[in-house]
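Descriptive analysis of the structure
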Amino acid sequence: MIAAKNRGDAMSLKGTNQEFGRPYNRRIVLETIRQNGPIERAEIAKRVGLTVQTVANIIRELEELGLISGERTRKKSRGSPPMSLTLNPQGAYAIGVNVTPRGIEAALVDLAGTIVAAKRIETSPPAPEESFRAIGKIVDNFRTKTMGRMLLGIGLAMPGPFDVESMSFVGPTTLESWRGIAVTQHLSETTGLPTFVEGDTLAAALGESLYGVGRRVSDFYFLYFAVGLGGSMVRNGEPMRGIYGNAGEIGHVPIVPDGQPCSCGNKGCLERYVSLEAYQRRAPVIGRAAWIAEAAPLLRNAIVAIENLFDPETVVIGGLIDDELLSELAAAAEPLPSSVADRKERSAPRIMRSASGQDAVLRGAASLAFSGALSPRLGQADGSEKDPLFARSRVA
Ligand SMILES: [Zn+2]
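Conventions used here
- The residue numbering used here restarts from 1 in each chain and proceeds along that chain's sequence as written.
- Reporting in this predicted model follows two pLDDT cut-offs: at least 70 for local features of residues, and 80 or more for side-chain atom pairs to be given and counted; totals over whole chains, interfaces and linings ignore these cut-offs and use all residues.
- Side-chain metrics rest on all non-hydrogen atoms present in the structure, leaving aside hydrogens and water.
- Counted as donors are the N, O and S atoms within 2.8 Å of the metal, or 3.2 Å for Na, K and Ca, while water is not among the atoms, so some sites may look incomplete.
- Just to be clear on the cut-offs, tetrahedral is four donors with all angles between 85 and 135 degrees, square planar is four donors and octahedral six with opposite donors over 155 degrees apart and all others between 65 and 115, and anything else goes down as irregular.
- Categorising residues by exposure relies on relative accessible area from a 1.4 Å probe, with only protein chains included: less than 20% of the type maximum marks a residue as buried, more than 50% marks it as exposed, and the intermediate range marks it as partly exposed.
- By this definition, two strands are paired if DSSP reports at least two bridges between them.
- Numbering of helices and strands runs from the N terminus, with a helix taken as a DSSP run of H or I at least four residues long and a strand as a DSSP run of E at least two residues long.
- The axes used here are C-alpha line fits, helices contributing only the stretch in contact, and every angle between their N-to-C directions lies in the interval 0 to 180 degrees.
- If an angle is under 35 degrees, it is roughly parallel; if it is over 145, roughly antiparallel; if it lies from 65 to 115, roughly perpendicular; otherwise it is oblique.
- Working rule for handedness: look at the near helix, and if it is turned counterclockwise from the far one by less than a right angle, call the crossing left-handed; if clockwise, right-handed.
- Any two residues whose heavy atoms approach within 4.5 Å at even a single point are treated as in contact.
- Each residue gets one of three labels, nonpolar for Ala, Val, Leu, Ile, Met, Phe, Trp, Tyr, Cys and Pro, charged for Asp, Glu, Lys and Arg, and polar for the others, Gly among them.
- Whenever Lys or Arg places a side-chain nitrogen within 4 Å of a carboxyl oxygen from Asp or Glu, that contact is recorded as a salt bridge.

This paragraph deals with the coordination of the zinc ion. The zinc ion binds to the protein through His 252 (ND1), Cys 262 (SG), Cys 264 (SG) and Cys 269 (SG), with metal-donor distances spanning 2.0 to 2.4 Å. Seen from the zinc ion, its four donor atoms lie at angles of 104 to 124°, and the figure they make is tetrahedral. The exposure class assigned to Cys 262 is buried, which follows from its relative accessible area of 8%. The class of Cys 264 is buried, set by a relative accessible area of 12%.

This paragraph deals with the sheet that holds strand E1 (residues 39–40). Strand order in the open sheet formed by three strands is E1-E3-E2, with antiparallel pairing between adjacent strands. Each having just a single partner strand, E1 and strand E2 (68–72) make up the two edges of the open sheet. Bridge analysis of E1 against strand E3 (residues 83–87) gives two bridges, and the strand direction is antiparallel. Its bridge partner lying in E3, Glu 40 is registered against Ser 84.

Attention shifts here to the packing of helix H8 (residues 276–286) against helix H9 (residues 288–310). In the contact formed by H8 and H9, the axes pass within 7 Å of each other and the chain directions differ by 125°. One element, H8, and the other, H9, form an angle in the oblique class. Pair H8 / H9 crosses with right-handed handedness. Across the interface between the two elements, Ala 278, Tyr 279, Arg 282, Ala 283 and Ile 286 of H8 pack against Arg 288, Ala 290, Trp 291 and Glu 294 of H9. Of the residues belonging to the contact of H8 with H9, the class tally is six nonpolar, no polar and three charged.

With respect to the secondary-structure elements, Arg 235 resides in strand E10 (residues 229–235). On the accessibility criterion, Arg 235 (49% relative accessible area) is partly exposed. With 14 residues separating them along the chain, Arg 235 and Tyr 221 place their C-alpha atoms 8.5 Å apart. The contacts of Arg 235, once residues within four sequence positions are left out, are Ser 218 and Asp 219.

A few words now on the pattern of salt bridges. On inspection of all chains with the given rule, the structure shows 15 salt bridges. In this structure, the salt-bridge partner of Glu 277 is Arg 272, at a minimum N-O distance of 3.7 Å. You can call Glu 277 buried: its relative accessible area is 9%. Classification of Arg 272 as buried rests on a relative accessible area of 17%. Arg 288 is paired through a salt bridge with Glu 328; the nearest N and O atoms lie 3.0 Å apart. Placement of the pair is Arg 288 in helix H9 and Glu 328 in helix H10 (residues 323–333), with a sequence separation of 40 residues. For Arg 288, a relative accessible area of 29% translates into the label partly exposed. Three or more residues are tied together by salt bridges with common partners; here these are Glu 43, Lys 46 and Arg 47.

Set out below in C-alpha cells:
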C-alpha cells in the first residue's frame with residue numbers, strides 16, 4: 001500500500017550529487033516535471049538542488065525513453081529560447097482497477113490521466129481467485145494497446161476499512177470473501193506489475209483532486225457514493241488518510257438513534273440510508289421518490305457536520321450512483337441549514353457535483369501506480385541501478 005507521504009513529499013526532496021544516487025535523481029527530476037510542467041531545466045535544477053549539467057543529462061535520458069517532451073515557447077533577444085519540458089501523455093501507462101461487491105472495472109490510463117481503454121465485468125460478489133484471473137486477462141489485453149510504451153503498474157481500489165476486526169470485510173458494502181487475502185501480492189504475481197492497493201474512497205478522492213473539481217478547488221470534501229458511502233477530506237490536493245488509511249468511513253457514522261442495524265455492529269449508520277446499497281434495497285419497496293425524501297434529510301445533516309468539522313471550500317458528491325439520481329438527491333438536500341460554510345462570500349457552492357464522474361476512482365487508482373512508479377523514493381537511493389522504470393534506458 002502506498003503511503004500518502006510518498007505522494008506529497010516530492011517538493012521537499014533534493015537530489016544527490018553522489019554517483020550512486022542516479023536512479024533517485026531521475027525520479028526526482030521526472031516528478032518535478034510532472035508536478036510543475038511546463039518547466040525549464042534551469043528551474044528544475046534550482047528546485048532539486050542539482051547542477052544544470054546533471055539535470056540536462058537526466059532530461060536526455062527521459063526524452064529518449066519518451067516520458068517527456070520539450071517545446072521552445074519563449075522568445076529571447078539572443079540565442080535560442082530555453083526548452084519548456086512537460087510529461088508526454090502517451091509516454092507511459094498505468095492500469096486502474098476498482099473492485100466492488102457488484103463487480104470489477106478496469107481502465108488503461110495514460111500519463112495525463114486520460115482513459116484509453118476500459119473493461120467492466122459484472123459479477124456479484126466477485127470471488128478473489130476469479131477476480132485475479134480476470135484482471136490478469138484484462139492486463140494482457142491492455143498491454144496490446146500501449147503501443148510498446150511502458151506499463152508502469154496497477155492500482156487497485158477496494159472498499160475499506162482495512163484491518164478493523166468488526167468492520168473490514170463484513171456486510172453487503174464490503175468484499176466479504178476477500179478477508180485475509182494478500183491482494184497486493186496476488187495481483188503483482190498475476191500481472192508481473194508493481195501493484196498498489198488503496199481504499200476506494202481515497203482513490204476516488206485522489207482522482208477527483210487530480211482530474212475533477214480539484215483542478216480549481218484545493219480544499220474540498222469528497223462524498224463518495226459507492227455500494228456503501230465513503231468520504232475524504234482533500235487538503236492541498238492530497239486526500240487525508242488518517243493514521244491507518246481508514247479516514248474515509250463516514251458511512252459508519254451513527255446518525256439515526258436506534259436506527260437500522262448495521263453490519264459493523266452499530267445502529268443507524270449513515271450508509272444504511274444514504275448509499276447505493278440503501279437505494280437498491282429500499283427503492284423497490286417504497287419507490288424512488290420516497291427513497292430520495294427519506295435519504296435527503298440525512299444527507300443534509302451529514303453535509304452540515306462535514307462543513308463544521310473540516311471547513312472545506314465545497315462538498316463534492318460523486319461516485320458509482322447514476323448521475324440523475326445523484327442530482328435529484330442533492331437538490332432534495334437543499335436548502336442547507338446553517339454551518340460554518342454559510343458565508344456570503346463563497347468561492348464555490350456548498351455542494352458541487354463531481355467533475356470526473358464515475359471515472360474518478362479508476363483514474364485515481366491508476367494515479368496510485370503512476371505516483372508509486374514515478375515518485376522519488378528514498379529506498380531507490382541505495383546504490384542499486386536496477387530501477388525497473390529505467391531498465392530500458394541506454395544510459396543506465
Ligand atoms: Zn455501520
